Amino acid sequence: MAPPVQVSRLIKLGRYSFLFLGMAYGATRYSYLKPRAEEERGIAAEEKKKQDELKRIAKELAEAQEDTILK
Amino acid sequence: MATWAPAPNEPSWSCTQEVMPHSAGRSGRRTFHPRTMAQFIRNLVEKTPALVNAAVTYSKPQLATFWYYAKVELIPPTPAEIPRAIQSLKEIVNSAQTGSFKQLTVKEAVLNGLVATEVLMWFYVGEIIGKRGIIGYDV
């Protein structure tokens, strides 16, 4: 087995500082995106409800207006 | 259904029952064909420690070599080493300013590039840890 190589201090410092920077960046971005996604989900759900309501009304109107005796 | 408890030294199941049908082939390998869910769970519970033991024995030497290298190569820098590291950074910046980096061979430059890329990738590993998900933000 080859002996372990002595990694330069700059590289070690860089690695671990990037690791912690990355963790901080990931955590902050997650906390930034989370409320926005929830808001968006709420808005989408409301939109869907409205659309469903409109579709229901349209369907009932169409059913009332069609004049077939084959029911 | 009659309830019975096995004697202290008796296994909780015995081969005389029709519980575990098995076939010993020509090579002597036992194959288990559990018939019900309960037997399957019993099989699993009884075989898991053996499997775990096998996995541990297999991975121990590899773990040992990993630890052997990691103890020297992967430890974070002690606070005493940080000034020396900043010194090397200044040297690099200096060489970029004075143009002495042009004296590097292409092979050295490629190696430096690879090492720099690896150091930069640790940022993304940290981001994965921070956002607690491998692909994408799980909002």
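Residues numbered from 1 in each chain as written. Chains lettered and ligands numbered in written order. Predicted model: local features only at pLDDT ≥ 70, side-chain atom pairs only at ≥ 80, totals over all residues. Heavy atoms only, no water.

Caption draft 1: Spatial organisation of the overall build of chain B. Summing up its helical and strand segments, chain B has 3 helices and 2 strands in all. If you list the helices and strands of chain B from N to C, you get β-β-α-α-α. Intrachain contacts of chain B at a sequence separation of at least 6 include 11% that bridge at least 24 residues. (Helix = DSSP H or I, 4+ residues; strand = E, 2+ residues; numbered from the N terminus. Contact = heavy atoms within 4.5 Å.)

Caption draft 2: Focus on helix α3 (residues 106–131) of chain B. In this model α3 of chain B runs 38 Å from its N-terminal to its C-terminal C-alpha over 26 residues, within 8% of the 38 Å that 1.5 Å per residue would give. Residues of α3 of chain B that are buried make contact with α1 (9–65) of chain A. Phi for R132 of chain B, located one or two positions after α3 of chain B, is positive at around 55 degrees. (Expected span 1.5 Å × (residues − 1).)

Caption draft 3: A look at the packing of α1 of chain A against helix α2 (residues 82–98) of chain B. For the pair α1 of chain A and α2 of chain B, interaxial distance at closest approach is 8 Å and the crossing angle is 100 degrees. When the axes of α1 of chain A and α2 of chain B are compared, the pair comes out roughly perpendicular. Together, R9, L10 and L13 of chain A of α1 of chain A and I82, R84, A85, S88, L89 and I92 of chain B of α2 of chain B make up the contact between the two elements. Of the residues belonging to the contact of α1 of chain A with α2 of chain B, the class tally is 6 nonpolar, 1 polar and 2 charged. (Axes fitted to C-alpha atoms, helices over the stretch in contact; angles between N-to-C directions. Parallel < 35°, antiparallel > 145°, perpendicular 65-115°, else oblique. Nonpolar A, V, L, I, M, F, W, Y, C, P; charged D, E, K, R; others polar.)

Caption draft 4: Region of interest: the confidence of the model for chain B. Residue and element names in this part refer to chain B. Here chain B averages 81 in pLDDT, and 77% of its residues register 70 or above. Here strand β1 (residues 22–24) stands out as the least confident element of chain B, with mean pLDDT 52; α3 is the most confident, with 94. With pTM at 0.63, the complex prediction returns an ipTM value of 0.73. (pLDDT = per-residue confidence, 0-100.)

Caption draft 5: Structural detail: the layout of surface pockets. If you add up the space inside the largest pocket, you get close to 450 Å³. Lining the largest pocket are 17 residues, and of these L10 and I11 of chain A together with I92, N112 and A116 of chain B sit closest to its centre. Counting only elements with at least two residues in the lining of the largest pocket, the list comes to α1 of chain A together with α2 and α3 of chain B. The element best represented in the lining of the largest pocket is α3 of chain B, accounting for 5 residues. A class-by-class count of the residues in the lining of the largest pocket yields 11 nonpolar, 6 polar and no charged. (1 Å grid on protein atoms, 1.4 Å probe; cavity = no way out; pocket = protein on both sides within 12 Å on 5 of 7 lines; lining within 4 Å. Points joined across faces, edges and corners; volume = space filled by probe spheres on them.)

Caption draft 6: Structural detail: the pattern of salt bridges. The tally for this structure, following the rule as stated, stands at 6 salt bridges over all chains. A salt bridge links E81 of chain B to K12 of chain A, with the shortest nitrogen-to-oxygen separation between them at 3.9 Å. In this pair, E81 of chain B sits in the loop between α1 (37–73) and α2 while K12 of chain A sits in helix α1, so the two residues belong to two different chains. Among the charged side chains, a salt-bridge network with shared partners connects E53, R56 and E60 of chain A. (Salt bridge = Lys/Arg side-chain N within 4 Å of Asp/Glu carboxyl O.)

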